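Listed below are the residues making up each chain.
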Amino acid sequence: MKKTRLTIIATVLVCLALVFTAGCSDKKAAKFPSEPITMIVNYGGGGGTDISARALAQAAEKHLGVPVTVINKAGGVGTTGIIELKNKKPDGYTIGVVTYAPLAIVPHQMKVPYTPEDFNYICAYGIYRYGLAVKADSPYKTVDDLVAAAAKKPDGMPYVASGYPQPFVYQKISELKKVKFVHVPTKSGSETNTAVLGGHVESAVAVMSDLMPFVKSKEMRILASVSSARLEIAPDVPTLKEQGYDIAINSYMGVGVPKGVPADRLKVLREAFAKAFKDPEFQAVMKKMNVPANYIPGDEFGKICAEGYKESAENLKAMKKK
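Since the structure is predicted, the reported quantities are computational estimates derived from the model, not experimental observations.

K.L.:
Describe the overall build of the protein, with residues and values.
P.N.:
Along the backbone of the protein there are 11 helices and 11 strands. Every one of the 322 residues in the protein was classed for burial, and the buried ones make up 46%. Sequence separation of 24 or more characterises 77% of the internal contacts of the protein that already satisfy a separation of 6 or more. About 16,000 Å² of surface is accessible on the protein, with carbon and sulfur atoms providing 56% of the total.

And the structure:
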């Protein structure tokens with residue numbers, strides 16, 4: 001009789017323990033985030049993408065209530081970090097920087113195991129601006145001057161660019177004006193500037209953060225903003241569109257997660273990063289880098305990437321025909 005009573009008591013205690021454990025587990029599952037979040041940056045440390053992402057992550061911590069640890073996964077023209085992100089468990093605890101070119105353009109140039117549809121997007125937070133530049137003592141004062149000179153070169157006029165979407169500018173000008181420009185790829189913005197300053201090519205389209213030191217030192221001149229707006233450093237220089245060329249390129253810095261993160265967790269992340277974007281310290285970092293802070297909601301940014309993916313395929317196909 002005594003043994004039976006002890007057995008009953010033990011069973012009740014086990015049941016209570018199970019109920020308590022389940023309750024704790026449910027409570028933990030309901031609270032998100034309850035542990036540190038990892039942010040993958042798809043470029044190396046110290047560059048503009050890395051610095052801006054770290055500033056944004058630090059601002060987001062204030063609203064998420066947990067640390068956001070940044071790790072760099074550079075390589076593959078920005079694709080290595082994005083591949084790493086895609087392969088992570090979609091639980092919201094791993095997020096990543098998703099920049100436009102590795103998402104929308106590079107997949108058409110090299111084999112990668114993803115498309116923009118493989119991610120959900122938290123937001124875009126920055127936009128790269130581009131300029132068409134020449135050496136300061138170049139005889140070309142306008143884009144029309146450059147195009148007129150290219151028209152006299154049957155084999156084409158060389159230019160440099162360190163990545164995409166920059167070459168799309170020359171491709172579009174070639175189509176509009178029936179002239180030929182020849183792309184000389186470089187590995188970095190530094191190489192691009194060296195090629196122009198050394199007189200090896202006549203012009204380049206580059207990210208403004210790379211061009212800015214040489215524009216400030218008056219070693220290079222901007223002939224046009226090739227983005228959708230004029231450049232802060234050269235407000236008197238018209239955009240390509242204002243000069244009669246219906247061309248503009250933009251590229252974005254954004255944050256995303258692998259597709260499949262629960263909707264309630266995605267909502268938490270989106271709300272936290274929307275608040276982080278307004279953080280004065282983050283805004284100051286973007287201003288210091290001369291990278292316009294530009295907030296785009298997650299779904300809208302996803303649409304931009306998906307449309308850019310299709311457009312880039314057409315642009316690259318047209319370039320191969322030449």
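K.L.:
Residues and numbers for the pattern of salt bridges, please.
P.N.:
Think of it this way: side chains of opposite charge can pair up when their charged atoms draw near. On inspection of all chains with the given rule, the structure shows 8 salt bridges. For Lys-62, the salt bridge goes to Asp-279, with nearest N and O atoms at 2.8 Å. With Lys-62 in helix α2 (residues 48-64) and Asp-279 in the loop between α9 (263-277) and α10 (280-288), this residue pair connects regions lying 217 residues apart in the sequence. We classify Lys-62 as exposed; its relative accessible area is 52%. Put simply, Asp-299 and Arg-270 hold a salt bridge, and the shortest N to O gap is 2.9 Å. Linking Asp-299 in helix α11 (residues 298-320) with Arg-270 in helix α9, this pair joins segments that are 29 residues apart in sequence. Its relative accessible area of 22% is what places Arg-270 among the partly exposed residues.

K.L.:
I'd like a description of the pairing of strand β1 (residues 37-41), backed by residues and values.
P.N.:
Looking along a regular strand, one sees side chains alternate from face to face of the sheet. Counting buried positions along β1 yields 4 of 5 residues, so the element is predominantly enclosed. Pairing between β1 and strand β2 (residues 68-72): 5 bridges, direction parallel. In the sheet register, Ile-40 faces β2, and the bridge partner there is Ile-71. Regarding the hand of the β-α-β motif, the stretch spanning β1, α2 and β2 is right-handed. When β1 meets strand β3 (residues 94-99), the two strands line up parallel, connected through 3 bridges. Bridge assignment links Met-39 to a residue of β3, and that residue is Ile-95.

K.L.:
How would you sum up unusual backbone geometry? Please name residues and give values.
P.N.:
Residues apart from glycine generally show negative phi values, whereas peptide bonds are mostly found in trans. Of note, the amide linkage connecting Phe-32 to Pro-33 takes the cis form, showing an omega dihedral of -5°. You can see Pro-33 is positioned in the loop between α1 (2-30) and β1. A positive phi angle, near 55°, is found at Val-77, a position not held by glycine. What makes Val-77 exposed here is its relative accessible area of 55%. Within the chain, Lys-218 stands out as a residue other than glycine whose phi angle is a positive 65°. For Lys-218, the position within the fold is in the loop between α8 (208-216) and β9 (220-225).

K.L.:
Break down helix α5 (residues 143-151) for me, with residues and values.
P.N.:
Among the residues making up α5, those that are buried are Val-143, Leu-146, Val-147, Ala-149 and Ala-150. In a view along the axis of α5, the buried residues occupy a sector of 160°, so they form one face of it. Next to the buried residues of α5 lie β5 (130-135), β6 (157-161), α6 (167-177), β7 (181-185), β8 (203-207) and β9. The N-cap residue of α5 is Thr-142: its side-chain oxygen and the backbone nitrogen of Asp-144 are 3.4 Å apart.

K.L.:
Describe in detail the sheet that holds β7, supporting the description with residues and values.
P.N.:
Taken together, the 5 strands give an open sheet; going across it, the order is β7-β6-β8-β5-β9, and neighbouring strands pair in mixed fashion. This sheet does not close on itself; its edge strands, each paired only once, are β7 and β9. For this sheet, the mean inter-axis angle between neighbouring strands, taken without regard to orientation, is 30°. By the bridge criterion, 5 bridges tie β6 to β7 in an arrangement that is parallel. By the bridge assignment for β7, Ala-161 is matched with Pro-185. Packing against the sheet, α5 makes contact with β5, β6, β7, β8 and β9, and its axis sits at approximately 130° to β6.

K.L.:
Just give me the short version of the sheet that holds strand β11 (residues 293-297), but keep the residues and values in it.
P.N.:
Taken together, 6 strands build an open sheet; the order of strands is β2-β1-β3-β10-β4-β11 and the sheet is mixed. Two strands bound the open sheet, and with one partner strand each, they are β2 and β11. With direction set aside, neighbouring strand axes in the sheet form an average angle of 25°. Each of β1, β3, β4 (119-128), β10 (251-258) and β11 touches α9; the most contacted strand, β4, lies at about 15° to it.

K.L.:
An account of the packing of α2 against α9 is requested, with residue identities and associated values reported.
P.N.:
In contact at an axis separation of 8 Å, α2 and α9 are set at 120° when each is read in the N-to-C sense. As summarised for this structure, α2 and α9 are arranged oblique, according to the angle between their axes. α2 and α9 meet at a crossing whose hand is right-handed. Of the residues in α9, those touching α2 at Leu-56, Ala-59, Ala-60, His-63 and Leu-64 are Val-268, Leu-269, Ala-272, Phe-273, Lys-275, Ala-276 and Phe-277.

What counts, and at which threshold
- Residues numbered from 1 in each chain as written.
- Predicted model: local features only at pLDDT ≥ 70, side-chain atom pairs only at ≥ 80, totals over all residues.
- Heavy atoms only, no water.
- Helix = DSSP H or I, 4+ residues; strand = E, 2+ residues; numbered from the N terminus.
- Buried < 20%, exposed > 50% of the residue type's maximum accessible area, 1.4 Å probe, protein only.
- Contact = heavy atoms within 4.5 Å.
- Areas by Shrake-Rupley, 256 points an atom, 1.4 Å probe, with all protein chains shown as cover.
- Salt bridge = Lys/Arg side-chain N within 4 Å of Asp/Glu carboxyl O.
- Pairing = 2+ DSSP bridges.
- Right-handed = clockwise from strand over helix to strand, strands pointing away.
- Arc of directions from axis to C-beta.
- Polar contact = N/O pair within 3.5 Å; in protein donor to acceptor, adjacent residues only side chain to side chain.
- Axes fitted to C-alpha atoms, helices over the stretch in contact; angles between N-to-C directions.
- Parallel < 35°, antiparallel > 145°, perpendicular 65-115°, else oblique.
- Left-handed = near helix turned anticlockwise from the far one by under 90°.

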